[in-house]
Amino acid sequence: MENTSYDFIIIGAGVAGLSAAGYAARANLNTLVLELGGSGGQAQNIMHLENYPGLYPAISGTDFIIAMKNQAQAFGANIVTAQVQSVGKKDDSFYVRTGDKEYNAPTVLLATGSLPRKLGCPGEKELSGRGVSYCATCDGPFFRNKKIIVVGGGDSACDEATFLSTLSDDITLVHRKSQFRAQKAVADRVLQNPRIKVKFNTVVTQIRGQNKVQSVLLKNTVTEEEQEQTTDAVFVFIGAEPSTELMPILAHDTNGYIITNEEMATAIPGLFCAGDVRAKPFRQVVTAAADGAVAAHSAAKYIRNMRNEAYL
């Protein structure tokens, strides 16, 4: 019979969740990870993970996540694929409901990450999956040797444009501001890439096409001039929205990210939060891993205090 009672339930199997799983299992906590349809979160989309300390030469985000998952399981964490429908608390126990099961534990970690932010322009929703995409490694190969527009100016947009340039020599990167906000090394790779044309001070106001993307309407934010540009695909990387729907009552910042203290604790005793869903000044793979480690340590401390056990 499947065990439904645990010490620590982690919702989300991205970098933060898997880091927490490894640390919790090594601390002898009976740990369950509920992955929301697949491990990895946004880290899976990283082509070359090159800025994780000590990890050199670079590997793909997918390989990194596979190693994290194998490591957590080797330490004893149980990883189950299930869509979490609700999280509730009664007395000293949380109850986590999935489609056909209910799990309980005295501590829970929300590591639900974030989802790609949408442009919100006409045509985006209608042509999503028909040339509009939010994952270059997922959909880029469908547009080999095609015209591609990438929207954004951060690390993700620059990284994904660089990846797409290995598939096509006709990449246009559109950014609404006059310079990239990506790290300099990442931005320089784009600016020095002959396969990528950059249009600063430009936004996409409409995506056009019949059953598939055929063109976009671009607007210069300085001159207000508009022009139509033909393209076969639009890849959007303009940030993310935190996935907080399981616990909307938690305090959050002005951007919707959940507020915690330095121990990753929320205002609800026993409920922790880590990774890209948490309010913090810098979101990287390394900070997500650190969040997860701290959350596991805090959960172990919380449980031992609750049980009046010595904690060293």
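## Overview of the pairing of strand β6 (residues 102–105)
Phase 1 of the analysis: Side chains of β6 alternate between two faces, with Y103 and A105 buried and E102 and N104 left unburied.
Phase 2 of the analysis: Direction of pairing for strand β5 (residues 93–97) relative to β6: antiparallel, over a ladder of four bridges. By the bridge assignment, R97 is partnered in β6 with E102.
Phase 3 of the analysis: Linking β5 to β6, which pair antiparallel, is a turn of four residues.

## Focus: the sheet that holds strand β14 (residues 215–220)
Phase 1 of the analysis: In spatial order, the strands read β13-β14-β15; together these three strands make up an open sheet with antiparallel pairing. On the outer flanks of this sheet lie β13 (202–208) and β15 (226–230), each paired with one strand and no other. The mean inter-strand angle of the sheet, taken between neighbouring strand axes irrespective of direction, is 30°.
Phase 2 of the analysis: Across five bridges, the pairing between β14 and β15 is antiparallel. Residue pairing in the sheet places V216 in a bridge with Q229 of β15.

## Notes on the packing of helix α1 (residues 15–26) against helix α6 (residues 285–306)
When two helices pack together, their arrangement is given by the angle between the helix axes and the distance between those axes.
Phase 1 of the analysis: Contact pair α1 / α6: the axes reach a minimum separation of 7 Å and the direction vectors enclose 40°. Viewed along their axes, α1 and α6 form a crossing whose handedness is right-handed. From α1, V15, A16, S19, A20, Y23 and A24 reach across to α6, where they touch V285, A288, A289, G292, A293 and A296.
Phase 2 of the analysis: Within the contact of α1 with α6, the residues separate by chemical class into 10 nonpolar, two polar and no charged.

## Observations concerning the environment of F180
Phase 1 of the analysis: Along the chain, F180 falls in the loop between β11 (171–174) and α5 (184–191).
Phase 2 of the analysis: Owing to a relative accessible area of 12%, F180 belongs among the buried residues under this scheme.
Phase 3 of the analysis: Taking the C-alpha atoms as reference, F180 lies 36 Å from N70; in sequence the two are 110 residues apart.

## Here's the deal with the nonpolar core
Phase 1 of the analysis: If you look at the biggest cluster of nonpolar residues, it comprises 34 residues, and the most contacted ones within it are F8, I10, V15 and L109.
Phase 2 of the analysis: For this core, the secondary-structure elements that each account for two or more residues are β1 (8–11), α1, α2 (61–75) and α6.
Phase 3 of the analysis: Ranked by residue count, the leading element in this core is α6, at eight residues.
Phase 4 of the analysis: Listed in part, the 22 residues of the second largest apolar core include L34, M247, I258 and C273.

Rules used in this analysis
Counting starts from 1 at the beginning of each chain's written sequence and moves along it residue by residue. Note on the predicted model: pLDDT of at least 70 is required for a residue's local features to be given, and 80 or more for side-chain atom pairs to be given and counted; whole-chain, interface and lining totals, by contrast, use all residues. Hydrogens and water molecules were not included; the side-chain quantities draw on all heavy atoms of the structure. Relative accessibility under 20% of the residue-type maximum defines a buried residue, over 50% an exposed one, and the middle range a partly exposed one, all with a 1.4 Å probe and only protein chains included. Numbering of helices and strands runs from the N terminus, with a helix taken as a DSSP run of H or I at least four residues long and a strand as a DSSP run of E at least two residues long. We treat two strands as partners when DSSP finds at least two bridges between them. Helix axes use the C-alpha atoms of the stretch in contact, all axes being lines fitted to C-alpha atoms, and the angles between their N-to-C directions lie in the range 0 to 180 degrees. In a left-handed crossing the near helix is turned counterclockwise from the far helix by less than a right angle, and in a right-handed crossing that turn is clockwise. In this analysis, two residues are considered to be in contact whenever any of their non-hydrogen atoms come within 4.5 Å of each other. Polar here means any residue outside two lists: the nonpolar Ala, Val, Leu, Ile, Met, Phe, Trp, Tyr, Cys and Pro, and the charged Asp, Glu, Lys and Arg; Gly therefore counts as polar. What we call a nonpolar core is a set of buried Ala, Val, Leu, Ile, Met, Phe, Trp, Tyr and Cys residues that are connected through their side-chain atoms within 4.5 Å.

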